Every structure is written in C-alpha cells, then in structure tokens.
Amino acid sequence: MAERGKTSLVRTVCPAHCGIDACGILAHVNGDRVVKVEPADFPDPKHKRICLRGLSSLDITYHPDRLKYPMRRRGERGEGKFERISWGEALDTIAERFKGLADRYGWRSIGWTLGGPGAGTTKFGAYLRLASLTQSTRVSAWGYGDSALPCGSRALFGAQFPYQFLMGKFLTGKVKPEMVVVWGSNPAESQPLNMMRRIMDAKERGAHVVVIDPRFTVTASKADQYLGVRPGTDAALALGMINVIFREGLQDDGFIQRHTVGPYLGRTDTGEYVRGRDIGAEGSEEYVIWDGASDSPRVCSDVGITPLMSGTHTVKGLTCKPALQLLMDLAQEYPPERTAEITGVRTHIITRLAQRIGTANSVTFVTNMGFTRTYHGDISLRALGTVAALTGNVTATFSGGYLPAVLNWRPFLHADPDRPSYSRLGILQLYDAVISDKPYPIKAVWFSFINFLNQCAHSTKIANEIFTKLDLIVAAELFMTPTARYADILLPACSYLEFSDLIPFPYPYVQLQQKVIEPLYESRSDVDIASGLAGRLGLGEYFDKGEEGFIDLILDSGDPSMEGITRERLREGPMRLRLIPDMDQQLDIPFSTPSRKIEFYCERLREVGQALPVYLEPLEAPLKPEGKKYPLTFIQGHSRFRTHSMFANVPSLLELNPEPVVEINPRDAAERDISDNDLVTVFNDRGKTTLRTRVMEGVRPRVVNITEGWWIGQFKEGSVNHLTHDVINPVQETLYEPNMHMNDVAVEVVKADNQDSPQRPRYHLPELPQYHLPELRGRRGRR
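Please read these numbers as outputs of a predicted model, since none were measured by experiment. Once a new chain begins, its residue numbering starts again from 1 and follows that chain's sequence as written. Local features are withheld for residues below a pLDDT of 70 in this predicted model, meaning they are given only at 70 or higher, and side-chain atom pairs are given and counted only at 80 or more; totals for whole chains, interfaces and linings count all residues. Computation of side-chain values: all heavy atoms of the structure, hydrogens and water removed.

*Asks:* With reference to specific residues and values, describe the overall build of the chain.
*Replies:* Each helix and strand in the chain was counted, giving 26 helices and 35 strands. What you see for the chain is a C-alpha radius of gyration of 27 Å, in line with the 28 Å of a compact globule of 783 residues. In terms of its C-alpha atoms, the chain occupies a principal-axis envelope of roughly 85 × 65 × 60 Å. Using a 1.4 Å probe on the protein chains alone, a residue whose accessible area is under 20% of its type maximum counts as buried, one over 50% counts as exposed, and one in between counts as partly exposed. Going through the 783 residues of the chain one by one, you find that 62% of them count as buried. Labels follow the DSSP assignment, with helices taken as runs of H or I lasting at least four residues and strands as runs of E lasting at least two, numbered in each case from the N terminus. C-alpha atoms define the radius of gyration in this analysis, and the globule rule sets the expected value at 2.2 Å times the number of residues to the power 0.38.

As structure tokens, then:
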C-alpha cells in the first residue's frame, strides 16, 4: 500500500470476467472509503487499461441497494419480503436444514450452483471444497451458454478450450497474422481491452479483418469484410469453404499429415479407425495408414512410410478411406452454391473468403461462446477448427514462451483424498433433478455469483416448476436480484474491493486481488461465508486460514509455471509466469485426444453420425420462415454496459443504456407495421416479453436481437429467458455437459396494444424489495 497525502493507494484487480481482461486497478482510499479507481501499472504498459464496467466499480460497492445483512423470507417465494436475522441464525438454519435433508435424501441432494466465478479462484474454490467434503453436488454452470464450445474443443483438440490453438501465437505476439477472422464473436463489446485491441493493432499492421456474425456488430464496423450468416448455419459455411479449399488444392498437406488424423484409415462400414490388430499386429491399438511406397496398410509408427491421405483402399476385405478423404467426401456435398442457400452468404463471397484463408501466410481465428449457443453449437466450433487445421492455422508446436498457469485445484476439487468427492450435474441437468428426481433428487440449492432465474433458459419453468419443488433456496448476493427474491435465506456478499483473491490473468501474468477496504455493513466474503457454514458442519479445520490461506494453497501447485510466485511477492505487483527461452526447434504439442492428434474425424461420435463436423439444422431457429407460426430467430448478444446481469442496476451505466430494446430489421418491422421505438411483444409458446424496438439494418432479416443481462423487472413484462427452451442435446451430454441454446429460438413480434409515451425513460430500475433498510451511519453509499 502506497500513500499520497491523506490518500493511500492499493493495487488490486477487477475480476468482472469481461473476457478475462482482469484489469489491474489502483484504488485510492481516504479513511475507510475508496474515492477513486484508475488503471494500475503493468510491466508491459499495454496492459494498463480499464473499461466502463471497471470504472463503475464504486457504483457497485457503494450502491444504496446492496444487501446489508442476512435475511429470512417472510412472504411467498418471489415476493421479495424478508426480515433481518443475524449471521449466526442464518448459518445455523442452513446447517440444520442441510443436515435434515441429507438424513432423508443423502448429501448429494444439496446442490451448489456456482456461476462463472469471473477471474477469481478462492471464492469459487471455497464452495467446491465444502461440496467435496460433504459429498454433495456441484452444479456446473458451464452449461448456461458456455459448454458447447468446450464440447467441440474436447472432440477436436482434446482440451477444454480452443483458444491456445486458434489464437495462441496471436495472443503472445509470436505471429503477426495476414488475416484475422472473427467468427461468431463481438470482442469490441465483450472483450474490448484484451482482444479487440489486438485485432485493431493487427489491422493497423495491415491484417485483413473479417467478421462472420448474424448482426453487424461494433466489431463488424471495424472490419474490412462482414459476412451476415444465418444463425445456426456456421458449420455449413465452414464446409462450403472446405469445399473450395479442397477443390483448389489450398490445404496444407504437410500440416495435416503431421498434426491431424488425416492419414488414418477409417472403415466405411462401421466408421471405426483401422487398428494394428486388424492387419495382423496382435493386440496393437496403433492407427493404420495406407503406405504409398509399398501400396499396403502399415501401422503409423513404421519407419520409412509414405502415408496417403486420399483414395479408397481395401484392408483384409474391408473398404477403408483416410480420414481426410472422408472429410473431402462430406465437403463435396457443400459447393458454394448450396452453402449460399443455407447460410444466406453469397456464393462468390464464400469462394473468395476460402481462397484468402487458403493462400494467406497466417490466419488467426478469433471466436468465443456466442456462435456455439445453438443446439449443434459444438459442431460449429469443430467445423471452424477444421478450416483452421486444414490450412495450417492451428498452433500445434511449441518453441518457447511463457508457460500456462497451472494452479493447485486438488485441495478444492477433492478435499479429502481418502473419501469420495462431490457428485456433478450440469446446470441443465439440474432441471430434471429437481422436477423429476432424475438422475437423483436435488432438494436444496445454494446460489453464489449466479442470477439463475434471470440468466438461465426457460425462466417460467424455473419459477413455476423448479423453485416450487425445492425445500430450501440459499443465495449469497450483493443485491436483491430476480433470483434472490426467491431465496429462503439471503446472505450479503462482498464486492471485489472488500476481499482478497488470486487472479491468474491476463496471460502471462498472475495478480493479487488485494482487499482494499473492510467489508461494508454485515457483508462477508464467499470464503468467510463457506467457512462459517463449514464450522457448523464439523469441517472448520479445512477453512481455518481464510482467504490468504486459500491463496497460498492454490499457488502451491509445484508446477514449473508458478515457480517463484508467492502471495507476498504478488503484493508488490503482477508477476509473469515462467518463461521458456526460444528454442531452435519446434516441438509438437501432444493433443489430449485419443489419437494425440487434431481429430476432425472423432471416432467416438460415429454412432450418432457426427464423427465429422456435419451440418445439422438448428433445433428451432426457422431457416425457412414462410408459413411458420414463429418465423423469426431470436438471439441474445452481449452489451458493453454489463457482464451478463452484473452492472444492470448501476445508474451511471443506465444513463448511457437506459432500457432493453429488441433490434429488428426494417423489412420485418414494415411487415408488422412496427416503427422505431414502438412498444412490442416478442413471444412464443413458452412466454413473452414486452419492450421497445430499435429498427435497424444491423440485424439480418428474420432475426431479432435483445442483449442479454437485463433484469426481469427492467422489461415491461417477461424477459429474454422467458422465451428460451431447456432442451438437452445428448451428444453434448456425452462429450462434456449439455448447453443452453439461447441463440436457437423461434419467436414472433407484434405491436403491443397499449403504446405509452414514446420518450425513453432516464432509466428503469426493478421494483425495490419490500423490506426496510435502516440508515447505517458512515456506511451509506452514493449514487
């Protein structure tokens, strides 16, 4: 902590999770109050930055509507009527209720539903540790929009995320791309500092920037070329480009042979790879290739072979083809003309883009979760990655650089090595667990850093079928969110300025989120909350060192990446991960797939017909809307003014972005006699929402967009997730966990019956909860 006059300076980190920017924050403290925040220094000045959300940190910490003390529900769930209780009474109640439910249904009937933890670690780890020790259920939140991309990445690269392969050298500065393709992502709003700056820097150096998106986004406005694709047809677009790449011989055969399954023979009858045992090598599970030199099948490890990657071959009477030939066969079905009919992108644009990608010296593909929020979103990612792999634009070798951070998660994921840990459900699987007791009953749910009702699919089902069946709902929250209103016990949590945490971002840095001020009112950090409950469950010894003890524990991974990084040294500022000096050789990265290669042909998906990145139509989004009851595709973009539903109640940001609107194309608006700023109702069989229109060319015809994150009370009625569905994709369930398909929804839009004043309100806040917050002298915030 430095001092400047009467003001002390504390370096901390904003963990608001806007693309893991993790901006360093320099907090100015006067007495017991933070009076200013500004960007903090980094060893590399380009990381000194802050966005609107970070600048509004004090509006969160000192918001007058913060939850100030524990409360117990005294009305019906959803009414928002609560009474003040002590922490002791709150935690005693929860502990006794948990024990009672565990006696009746087992500990796994208690679900810990933890949202995206932002860039934080220990606040997430504390609840995981408690879930592990009690052998209860961790409800994974990846599936509320973010699990399809990991599903696709696991199938293709064998990794949770594809970023290090598609963007790794771009992010580290090792590659200056000739071309940047931003596919289904809008980093200008969702990752403005970490990613968009890099894209703009690349453009300044001469890179050709292409954006593929159903909306003409802020990112698209900065691009050299924009492709307005129909939602859910990304795999078809990729296959159309692959068709051109193969037709014109633009693939990188050397890369494909070295780093992918391209040469491996697959049986045309069963879809299985041919193994060594199939050609007489007893017990061998090695993959088999067709050797051009000997014109015979050989195991891939044989020396002096010349693997062929095309043609049809017979092995022991079985018809076989190399995986690359199987992909060629699929791509032949998607000439640019057919692809244009499916995607809405013109034939010559598809052809020219494929040619550019195939001939460029280096192409970086920038993507994220958005375009995978359709029923087959996992295939969309696989198709994009296949385009990158065929053209050699995947990072598949290592020649030096900063190691990725490897943290010590073991004490949190499996706290007692001698006993089983928690059970695990995806968040979509929670629905049936509560409603139908499948695969087992969930009777109590604890919510932390997640606005479940507001942000998850099918809000009507959540309110009417899930919340009504739960015996106990606990929420640790900053505010009376739409979800918090349904809680039985409400616990006031801290803002990030009031507790310490470890932040392993932005790469290649690790930072310490230092506590700047003591917790306001009666709020507690998530580590302290978990610790208080653990003590009442006889598990206090696992939590007795607090936040700083957890930081020390998670840093103690023993991995070379964390060498020399300690909490004490992090107090002085951010530290870089271990650097491996550049080497003269390129070491192959062993992918964590069964083949240890990039698997554009995924053998384990053969029985469901998805071994290759096939194009399958969206589940609900109408590609041919004529005559459909719900002819419009509804999608949810992100806003620069919010991180999901966080910051939705900040007055300074509401001044700039006062209320939700539905963006609609002028053609669709004219067909419905709708004008700009009209009050309209967006609806389908599941629900409806009423809000104003923004008529604009920036969305495709037959597509409407409402940015996600607005609180339910900020709409005239309903919300975005009153429209969405909770259908599970079983393939995603097999690969990882099923995703919510927020961008695969069919709706209709009509002008509302009652048109009120066309003047937009200054801002529209949700109805305040019905309880009295007394004046706490010296602790009142400011607007």
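*Asks:* Go over the domain arrangement of the chain with me, naming the residues and quoting the values.
*Replies:* Its domain assignment divides the chain into domain 1 (7–61), domain 2 (71–144 + 406–576), domain 3 (175–398 + 592–608) and domain 4 (632–751). Each domain span listed reflects an automatic or database assignment of domains. Centre-to-centre separation of domain 2 and domain 3, based on C-alpha positions: 39 Å.

*Asks:* How would you explain the sheet that holds strand β15 (residues 307–308) if you had to name every residue and give the values?
*Replies:* Whether two strands pair comes down to DSSP finding at least two bridges between them. Strand order in this open sheet of 3 strands is β14-β13-β15, and the pairing throughout is antiparallel. The open sheet has two edge strands with one neighbour each: β14 (296–299) and β15. Relative to β15, strand β13 (residues 288–291) is paired through 2 bridges, and the arrangement is antiparallel. Paired with W290 across the two strands is L308, which belongs to β15.

*Asks:* Could you give an account of empty space enclosed by the protein, naming the residues involved and the relevant values?
*Replies:* The definitions used throughout rest on a 1 Å grid laid over the protein atoms alone, on which a cavity is an enclosed set of points accommodating a 1.4 Å probe that cannot get out and a pocket is an open set flanked by protein within 12 Å on both sides along at least five of seven lines; lining residues are those having an atom within 4 Å of a point. Grid points are joined across faces, edges and corners, and a volume is the space filled by probe spheres set on the points. By the definition in use, this model includes 6 cavities of 30 Å³ or more. Volume-wise, the largest cavity comes out at about 130 Å³. Looking at the lining of the largest cavity residue by residue, the class counts come to 2 nonpolar, 5 polar and 2 charged. The calculated volume of the second largest cavity comes to roughly 50 Å³. Residues were grouped as follows: Ala, Val, Leu, Ile, Met, Phe, Trp, Tyr, Cys and Pro as nonpolar; Asp, Glu, Lys and Arg as charged; and all remaining residues, including Gly, as polar.

*Asks:* Explain helix α22 (residues 546–555) residue by residue, including any values.
*Replies:* With 7 of its 10 residues buried, α22 lies for the most part within the structure. Inspection of α22 places G546, E547, G549, F550, I551, I554 and L555 among the buried residues, and these make up the whole buried set. Only heavy atoms enter the contact rule, under which two residues are in contact if any of them lie within 4.5 Å. In this structure, the buried side of α22 is in contact with α4 (122–134), α17 (410–413), β25 (501–503), β26 (509–513), α21 (526–536) and α23 (567–570).

*Asks:* Give a description of the pairing of β14 that names residues and reports values.
*Replies:* Sheet topology note: the β13/β14 ladder contains 4 bridges and is antiparallel. Each bridged residue has a counterpart across the sheet, and for D291 the counterpart in β14 is S296. Between the antiparallel neighbours β13 and β14 lie 4 residues, among them D295 with a positive phi of about 55°.

*Asks:* Residue-level account of the packing of helix α18 (residues 427–435) against helix α20 (residues 459–466), with values.
*Replies:* Only the stretch in contact is used when a helix axis is fitted, and all axes are lines through C-alpha atoms; the angle between N-to-C directions ranges over 0 to 180 degrees. Direction vectors running N to C along α18 and α20 enclose 25°, while the axes themselves pass 10 Å from each other. Here α18 lies roughly parallel to α20, going by the angle between them. In the packing of α18 onto α20, the handedness of the crossing is left-handed. Contact residues: α18 offers Y431, V434 and I435, while α20 offers K461, I462, E465 and I466. Of the residues assigned to the contact of α18 with α20, the class counts are 5 nonpolar, no polar and 2 charged. Angular relationships are summarised with four words: roughly parallel below 35 degrees, roughly antiparallel beyond 145, roughly perpendicular across 65 to 115, and oblique for the angles in between. Helix crossings get a hand from a simple test, with the near helix turned counterclockwise from the far one by less than a right angle marking a left-handed crossing and a clockwise turn marking a right-handed one.

*Asks:* Run through the packing of aromatic side chains, naming residues and quoting values.
*Replies:* Two aromatic rings from Phe, Tyr or Trp, using only the six-membered ring of Trp, form a pair when their centres are within 6.5 Å; if the ring planes differ by under 30 degrees the pair is stacked, by over 60 it is edge-to-face, and anything between is tilted. On inspection of all chains with the given rule, the structure shows 26 aromatic pairs. An angle of 65° between the planes, with centres 5.1 Å apart, marks the rings of F42 and Y509 as edge-to-face. Of this pair, F42 sits in the loop between β4 (33–39) and α1 (52–55) while Y509 sits in strand β26, and the two are 467 residues apart along the sequence. Through successive ring pairs, a cluster of aromatic residues spans F98, W112, F124, Y127, W446 and F449.

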